[in-house]
Amino acid sequence: MNKDANNFVSWFRQASPYIHAHRGSTVVLAFGGEAVQEKEFSHLIHDIALLHSLGLRLVLVHGTRPQIEERLSLRGAAMQIINGMRVTDEHALLCVKEAAGTVRVEIEALLSTGLANSPMSGAQISVDSGNFVTAKPLGIIDGVDYQHTGEVRRINTTALQQRLDAGAMVLISPLGYSPTGEVFNLNAADVAAAIATEIKADKLIFLTDNKLVDSRRKLIESLVPAEADALLRRRKSLDEQLRRVLANAACACRHGVSRTHILPRKQDGVLLTELFTRDGSGTLITAEQWETLRQASIDDATGILELIRPLEEAGVLVRRSREYIETEIGQFIVIERDGAIIGCAALYPFTEEKMAELACLVIHPDYQKGGRGDQLLGHMQQQALALGLKQLFVLTTRTAHWFRERGFVPAAVSELPGKRKDLYNWQRNSKVFIKHLEQ
């Protein structure tokens, strides 16, 4: 088997837990009209079809901004923007309707493709559209009449769920309809968030032109709603699209959508890497922290064993049985990332000598550059201090320099607590390092 085949098999096996987890889940996916215009849009459609075939219940919400602007330009007109919101007059509304209809038909056509020897071969996707969104006028704000620009009033969740239950993919345009027969121009991000909230979607995904990055241009991997709010207040330079998406993502999380994803649409295969790999490709906004440091429970025994096994096989760690881990689970702290244990450490107090042993400090190789080892060490130091202990010691064969760089100094076996000294394995010949703890 060649290298590419091996990589594929490895990836497919790693993806299998996510395939099982996502089957039957409801996902609202929003993307702008810019994505529809690009030649790579067919790749996105192929990935959407694959998600559908894997059992995800999909609601697609598309934007139409560039298509509207193109039609306005042909008429020698433009849509007024006041305070970041578009004023949709009668002429603009005509362009909005034309653009929405054209984009919807284009997407439906691509989802209906079934050519042999193509990714869509045998897909047979049923696509439903309809008047699922009831809207109301935005009205007059600060003296400005926004005319046919509207906001979501309610979602016909019963009709929408019926289509999903029947196995159809639902396609929503950024239009809303009033009981009086009026049509309103809506923001696609607002529509997607409202639908995700009302149908209690498992995920809300926004495909955006740009990644959400910090001041050092590094991808922001995860946020909770409060952090998203703080970012919006702090970063006035965020472009309009990202601001709208981020605000809607935080709002959706507060109203029952457990996970919202902000993904760079120009990255090929971004939906697949986000949903079927542990680290994903964009920014995840969750109601709770995505990565947590916490006390281990008995359910973590398997994850700890998988984490430490390679180091045991390499002779870096002493072998520990499942029975041992389960018996000692109360001594362990773990770092959990998206359901996987990526770090652990154990603390064994010797209260008479006012010392504690730091043992089994392990970080998964993929996450060793994020300061997580220091995070675990700091937590254990605070835990030892809380117990009234004065010193922390480790026994190590391979990582002496790491501990020395963090204030541990070489010590003799004779300086270990009596009970630990009796258990010292002279055959392993581990080096002893001690750190004096300070309040």
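Fair warning: this is a prediction, and the values are worked out from it, not measured in the lab.

*Asks:* Tell me about the environment of Arg-153, and name the residues and values.
*Replies:* If you trace the backbone, Arg-153 turns up in strand β9 (residues 150-155). Sequence separation between Arg-153 and Ser-178 is 25 residues, and the spatial gap between their C-alpha atoms is 8.8 Å. Excluding residues within four positions of it along the chain, Arg-153 makes contact with Thr-134, Ala-135, Lys-136 and Pro-179.

*Asks:* Can you lay out helix α9 (residues 240-254) for me, pointing to particular residues and giving the numbers?
*Replies:* Count 3.6 residues to each turn of an α-helix, and residues three or four apart come out pointing the same way. The end-to-end C-alpha distance of α9, which contains 15 residues, comes to 21 Å, matching closely the 21 Å that a straight helix rising 1.5 Å per residue would cover. The inward-facing, buried residues of α9 contact α7 (188-198), β13 (203-208), β14 (222-223), α8 (225-234), β15 (259-264) and β16 (283-286). Residue Asp-239 occupies the N-cap position of α9, its side-chain oxygen lying 3.0 Å from the main-chain nitrogen of Gln-241. Once α9 ends, the next one or two residues include Gly-256, with phi positive near 110°.

*Asks:* An account of the sheet that holds strand β10 (residues 169-172) is requested, with residue identities and associated values reported.
*Replies:* The strand order across the open sheet built from 8 strands is β5-β10-β2-β1-β13-β15-β16-β14, with neighbouring strands paired in mixed fashion. A single partner strand is all that each edge strand has here, and the edge strands are β5 (127-128) and β14. Direction of pairing for strand β2 (residues 57-62) relative to β10: parallel, over a ladder of 3 bridges. Looking at β10, one finds that Val-59 is bridged to Val-170. This element, helix α3 (residues 41-53), spans β1 (26-31), β2, β10 and β13 of the sheet and lies at about 155° to β2. Taken strand by strand, α9 contacts β13, β14, β15 and β16, and its axis lies near 175° from that of β13.

*Asks:* Quick rundown of the pairing of strand β23 (residues 431-436)? Include the residues and the values.
*Replies:* Here 6 bridges tie strand β21 (residues 391-396) to β23, and the two strands are oriented antiparallel to one another. Directly across from Leu-392, in β23, lies its bridge partner Lys-435. The sheet contact formed by strand β22 (residues 409-411) and β23 spans 3 bridges and is antiparallel. Counted as the bridge partner of Val-409 is Ile-434 from β23.

*Asks:* Requested: an account of the pattern of salt bridges, with residues and values cited.
*Replies:* In this structure the tally under the stated criterion is 21 salt bridges. Between Asp-165 and Arg-57 there is a salt bridge whose closest N-O contact spans 2.9 Å. Taken as a pair, Asp-165 in helix α6 (residues 157-165) and Arg-57 in strand β2 lie far apart in primary sequence, 108 residues in all. What makes Asp-165 exposed here is its relative accessible area of 56%. Where Arg-406 meets Glu-405, a salt bridge forms, and the shortest distance between an N and an O atom there is 3.4 Å. Residues participating in the shared-partner salt-bridge network are Glu-221, Glu-291, Arg-337 and Arg-372.

*Asks:* Provide a residue-level description of the packing of aromatic side chains, including the pertinent values.
*Replies:* For the structure on display, the rule yields 5 aromatic pairs. Between Phe-31 and Phe-41, the ring centres sit 5.7 Å apart and the planes meet at 55°, which makes this aromatic pair tilted. Taken together, the positions of Phe-31 in strand β1 and Phe-41 in helix α3 put the pair 10 residues apart, joining distant regions of the chain. Of the residues examined, Phe-31 reaches a relative accessible area of 2% and is grouped as buried.

*Asks:* How would you explain the nonpolar core if you had to name every residue and give the values?
*Replies:* In this structure, Val-28, Val-59, Val-61, Ile-195 and Leu-246 are the most contacted members of the largest nonpolar core, which totals 44 residues. A per-element tally of this core places α7 first, with 8 residues. Residue contacts for Leu-246: discarding those within four places in its chain leaves Leu-212, Leu-223, Ala-228, Leu-231, Leu-232, Leu-238, Ile-262 and Ile-285. In this structure, Leu-29, Ile-107, Leu-207 and Phe-276 belong to the second largest nonpolar core, which totals 32 residues.

*Asks:* Explain the layout of surface pockets residue by residue, including any values.
*Replies:* The volume enclosed by the largest pocket comes to roughly 1100 Å³. Together, 41 residues line the largest pocket, and Leu-317, Arg-320, Ala-359, Cys-360 and Leu-395 are the ones closest to its centre. When residues of the lining of the largest pocket are traced back to their parent elements, those giving at least two are α11 (301-313), β19 (340-350), β20 (355-363), α13 (372-386), β21, α14 (400-404) and α15 (418-422). Counting residues per element, the lining of the largest pocket draws most heavily on β20, which supplies 7 residues. Considering only residue class, the lining of the largest pocket consists of 22 nonpolar, 9 polar and 10 charged. A volume near 870 Å³ is recorded for the second largest pocket. Every residue lining the second largest pocket is counted, 38 residues in all, and those nearest its centre are Tyr-18, Thr-277, Arg-278, Asp-338 and Ala-340. Within the residue set of the lining of the second largest pocket, elements represented by two or more residues are α1 (3-22), β15, α10 (270-276), α11 and β19. Of the residues that constitute the lining of the second largest pocket, the class distribution is 15 nonpolar, 10 polar and 13 charged.

Criteria and thresholds
- Residues numbered from 1 in each chain as written.
- Predicted model: local features only at pLDDT ≥ 70, side-chain atom pairs only at ≥ 80, totals over all residues.
- Heavy atoms only, no water.
- Helix = DSSP H or I, 4+ residues; strand = E, 2+ residues; numbered from the N terminus.
- Contact = heavy atoms within 4.5 Å.
- Expected span 1.5 Å × (residues − 1).
- Polar contact = N/O pair within 3.5 Å; in protein donor to acceptor, adjacent residues only side chain to side chain.
- Pairing = 2+ DSSP bridges.
- Axes fitted to C-alpha atoms, helices over the stretch in contact; angles between N-to-C directions.
- Salt bridge = Lys/Arg side-chain N within 4 Å of Asp/Glu carboxyl O.
- Buried < 20%, exposed > 50% of the residue type's maximum accessible area, 1.4 Å probe, protein only.
- Phe/Tyr/Trp six-rings, centres within 6.5 Å; stacked < 30°, edge-to-face > 60°.
- Core = buried A, V, L, I, M, F, W, Y, C linked by side-chain atoms within 4.5 Å.
- 1 Å grid on protein atoms, 1.4 Å probe; cavity = no way out; pocket = protein on both sides within 12 Å on 5 of 7 lines; lining within 4 Å.
- Points joined across faces, edges and corners; volume = space filled by probe spheres on them.
- Nonpolar A, V, L, I, M, F, W, Y, C, P; charged D, E, K, R; others polar.

Geometric descriptors of this kind do not, in isolation, establish any biological role.
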